[in-house]
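Chain residues, written in single-letter form:
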Amino acid sequence: MKYQLATQTQASSINTDCLIVAIYTDQQLSSAATELNKQSNNAITNYLELGDFTGKAGQVEVLYSLDGIKAKRLMLVGCGEQAKFDVRALTKATETAASTLKSSNIENAVSFLADELEDTAMAVQQAVITSAAIFYQFDQYKSKKSDAIALESLDFAFSQEVSAETKAAITQGAAIAEGMKLAKDLANAPANVCTPTYLAKTAEGLAAEFDNIQTEILEETDAEALGMGSFLSVGKGSEEPSKMIVMQYSGAGADVAPIALVGKGITFDTGGISLKPGAGMDEMKYDMGGAASVFGTMRACAEMALPINVVAVVASAENMPSGEATKPGDIVTSMSGQTIEVLNTDAEGRLVLCDALSYVDKFKPDAIIDIATLTGACIVALGHHISGLMANDQDLADEILQAGKDANDEAWQLPMTDDYQDQLKSNFADIPNIGGDRSAGTITAACFLSRFVEDKKWAHLDIAGTAWKSGAAKGSTGRPVPLLSQILINRAKFSN
Ligand code: BES
Ligand code: MN
Ligand code: ZN
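Here is what the cut-offs are and how they apply
- Residues numbered from 1 in each chain as written.
- Chains lettered and ligands numbered in written order.
- Predicted model: local features only at pLDDT ≥ 70, side-chain atom pairs only at ≥ 80, totals over all residues.
- Heavy atoms only, no water.
- Domains from an automatic or database assignment.
- Contact = heavy atoms within 4.5 Å.
- Buried area = accessible area lost by both parts, 1.4 Å probe.
- Salt bridge = Lys/Arg side-chain N within 4 Å of Asp/Glu carboxyl O.
- Polar contact = N/O pair within 3.5 Å; in protein donor to acceptor, adjacent residues only side chain to side chain.
- Helix = DSSP H or I, 4+ residues; strand = E, 2+ residues; numbered from the N terminus.
- Nonpolar A, V, L, I, M, F, W, Y, C, P; charged D, E, K, R; others polar.
- Buried < 20%, exposed > 50% of the residue type's maximum accessible area, 1.4 Å probe, protein only.
- Near = heavy atom within 4 Å.
- Areas by Shrake-Rupley, 256 points an atom, 1.4 Å probe, with all protein chains shown as cover.
- Pairing = 2+ DSSP bridges.
- Axes fitted to C-alpha atoms, helices over the stretch in contact; angles between N-to-C directions.
- Core = buried A, V, L, I, M, F, W, Y, C linked by side-chain atoms within 4.5 Å.

Student: What exactly am I supposed to notice about the domain arrangement of the chain here?
Tutor: Frequently, the measure chosen for interface size is the accessible area removed from exposure when the parts meet. The domain boundaries assigned to the chain delineate domain 1 (2-159) and domain 2 (176-495). Taken together, the contact between domain 1 and domain 2 spans 11 residues of the former and 15 residues of the latter. At the boundary of domain 1 with domain 2, total buried surface from both sides reaches about 1,000 Å², with 61% on carbon and sulfur atoms. At the boundary of domain 1 with domain 2, the tally comes to 0 salt bridges. Seen at the junction of domain 1 and domain 2, the total is 3 residue pairs in polar contact (both at pLDDT 80 or more). Considering every element that reaches the side of domain 1 that touches domain 2, the biggest residue donor is helix H4 (residues 120-135), with 6 residues. In terms of residue class, the side of domain 1 that touches domain 2 is built from 8 nonpolar, 3 polar and no charged.

Student: What is the right way to read the environment of Asp282 from this model?
Tutor: Assignment of secondary structure puts Asp282 in the loop between strand S9 (259-269) and helix H9 (289-304). The partly exposed category is assigned to Asp282, whose relative accessible area is 39%. For Asp282, the residues in contact, after removing those within four places along its chain, are Phe268 and Lys474. Polar side-chain contacts of Asp282 include one of 2.7 Å to the side chain of Lys474.

Student: Quick question: what am I supposed to make of the site of ligand 1 here?
Tutor: Around ligand 1, the structure places 17 residues, and the nearest of them are Lys276, Asp287, Asp346, Glu348 and Gly376. Note that a nitrogen atom of ligand 1 is positioned 3.4 Å from one of the backbone N or O atoms of Leu374. At 2.7 Å from an oxygen atom of ligand 1 is found a main-chain nitrogen or oxygen belonging to Gly376. About the coverage of ligand 1: the protein hides 77% of its 510 Å² of free accessible area. Counting only elements with at least two residues in the shell around ligand 1, the list comes to S9 and helix H11 (376-382).

Student: Whenever I open this one, the sheet that holds strand S3 (residues 60-64) confuses me. Can you help?
Tutor: Strand order in the open sheet formed by 6 strands is S1-S6-S5-S2-S4-S3, with mixed pairing between adjacent strands. Among the strands making up the open sheet, the edge pair consists of strand S1 (2-5) and S3. Across the sheet, the mean angle from the axis of one strand to that of its neighbour is 25 degrees, orientation sign disregarded. Bridging between strand S2 (residues 18-23) and strand S5 (residues 108-111) involves 3 bridges; their strand directions are parallel. From the neighbouring strand, Leu19 faces S5, where its bridge partner is Val110.

Student: I keep staring at the nonpolar core and nothing clicks. Help me out?
Tutor: If you look at the biggest cluster of nonpolar residues, it comprises 65 residues, and the most contacted ones within it are Phe295 and Leu461. Ranked by residue count, the leading element in this core is H9, at 9 residues. In contact with Phe295, not counting residues within four places along its chain, are Leu182, Leu186, Leu199, Thr202, Ala203, Leu206, Ile245, Met247 and Val314.

This is the structure we're talking about:
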């Protein structure tokens, strides 16, 4: 799919298979619709007079053969109350339009929907991402494939000349959408395909595709030599070898400190000897969602050729029970030298992440952000709409919160005060891998990680609730690729 800026601003003279415009309740027309209505001798208002189309959100109608309009079709999209039209409403309208395009024979379309918000840059970036999400199909493992989508290009038009920033936002949206697609493909792939080895191959694939991405895979023997006893303890029960995957994106000079992204890549989490209950366990194939978002973000970053440096570390293992698996009460030694009492083998994410956090230090990053489907407690706290954020540096937390707002992929900060740190006490080792009780499970997990970053600027994103959807629409969301990509975009702006 190609996403680009339409060259014309006058709707009626645009030559396309389908024009897409907003219609509000009470027969309020968007500016593009107003112009089209005038040129077509009131075709739109005459149609609205019939009363079938009230303009409420979710409504859509395709008109054709309109005099005075060059486009072959005109798609009217209900956008609700004009005064209340915001990014959320734009997203809904875009979903409606994209779904209609998806099931049509339309090959090229021009949308004026993003023209309806003042911040056209943010609007159009969102429109591209939303459209791509609707067009996404994952049918690799089905004998009967979904119908191919006829649409080849979707252009975005504005009734006035737009800034270079808005034009760039389309390219950014397309890059983020590509990154989300990679993240979704990886996360949706079953765990018998998407293993730590598969993720390592994916990193090598990115390095082959993009000149400024380099990768290095640390095998179990390398991890052993580095003293990553915590990381290695997680994959001990699995036949699949664990991999510590390192990727470096170089978009700026070698002297510029990189931002570090650290992803949890548990390709399947049975819980280990602390076995999870059976119901819904298939969803633990998504326990590499953090890793998937790191891959997606690296791809988006390389696609945008951002003038920054990024280092990514993906800690990947499969958490299985077996005669060789780590047992509750086992004590392991992390790369940092701290000993860890593994009181629950199901709290494995933090065990792989802590060694990745120690390792990434060698790249002298300016800031470290880890991304992990870390705790069920985060879903209890925040549900499925917003990711959990914890940090040891408020400026970094604020930067992430702002990027979340910019990209419409939000995070919410939780506290991480010393009282929570006190919940981590072990009788036999330096630190246990779970808090003393179940309370504040998301925060005590973050407190555990904080012990491995000490004085470095660090933030932790718990994406347990946002990385995938359960139920009838089960599948990866591709989040938080938009949030992470936006952090990098915003940093690139500042570096200029
Ligand atoms: N991958 C899970 C967290 C998870 C659970 C994400 C459900 C999404 C949905 C993680 O490894 C885990 O098992 N965490 C435990 C921690 C507990 C043992 C302290 C949890 O959340 O129950
Ligand atoms: Mn677990
Ligand atoms: Zn897990």
